[in-house]
Amino acid sequence: QVQLVESGGGSVQAGGSLRLSCAASGRTFSTYAMGWFRQGPGKEREFVAAISTSGARIYYADSVKGRFTISRDNAKNTVYLQMNSLKPEDTAVYYCAAGGASYAFTVRINEYAYWGQGTQVTVSS
């Protein structure tokens, strides 16, 4: 079982930066692949970034490559999403998710078993 709590969202001007954090409970954080997803107004939830249990494998959605960086600190039970050069189209609720224990790495939304409550990111032009 994993409980996730996101933080770090807020409002910024286009071109600005934010760092999201996702704090996980439990002693087995390092056994879960982690991902970030987002859902804008009137849109479906979409994949943003994923990182494997060890951090060795990372994958980004094309829309955020070169701007966002996912990382994890297993000793702190925390995953991060550094967001630079933010654009208005990045406006969304951002969700942290943990994959099922059987997945060392996944980008498939239906393979994530645990979800945080989300944190709002608003980028104004």
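Quick note: structure is the one above.
Anyway, here's the lowdown on the structure attached to this text. (Residues numbered from 1 in each chain as written. Predicted model: local features only at pLDDT ≥ 70, side-chain atom pairs only at ≥ 80, totals over all residues. Heavy atoms only, no water.)

Topic: the pattern of salt bridges
Taken as a whole, this structure holds 4 salt bridges when the rule is applied. Arginine 38 is the salt-bridge partner of glutamate 46, the closest N and O atoms lying 2.7 Å from each other. The salt bridge partner of arginine 67 is aspartate 90, with a shortest N-O separation of 2.7 Å. Of the two residues, arginine 67 is situated in the loop between β6 (58-60) and β7 (68-73) and aspartate 90 in the loop between β8 (78-83) and β9 (92-99); the sequence distance between them amounts to 23 residues. With respect to class, arginine 67 is no different from aspartate 90; both count as buried. One network of salt bridges, with partners in common, ties together Arg38, Glu46, Arg67 and Asp90. (Salt bridge = Lys/Arg side-chain N within 4 Å of Asp/Glu carboxyl O. Helix = DSSP H or I, 4+ residues; strand = E, 2+ residues; numbered from the N terminus. Buried < 20%, exposed > 50% of the residue type's maximum accessible area, 1.4 Å probe, protein only.)

What about the sheet that holds β7?
An order of β1-β3-β8-β7 is seen for the 4 strands of this open sheet, with the pairing classed as antiparallel. Where the open sheet ends on each side, the last strands, each with one partner, are β1 (4-7) and β7. On average, each strand axis in the sheet is tilted by 15° relative to the strand beside it, whichever way the strands run. Relative to strand β3 (residues 18-24), β1 runs antiparallel, the two being bridged by 4 bridges. (Pairing = 2+ DSSP bridges. Axes fitted to C-alpha atoms, helices over the stretch in contact; angles between N-to-C directions.)

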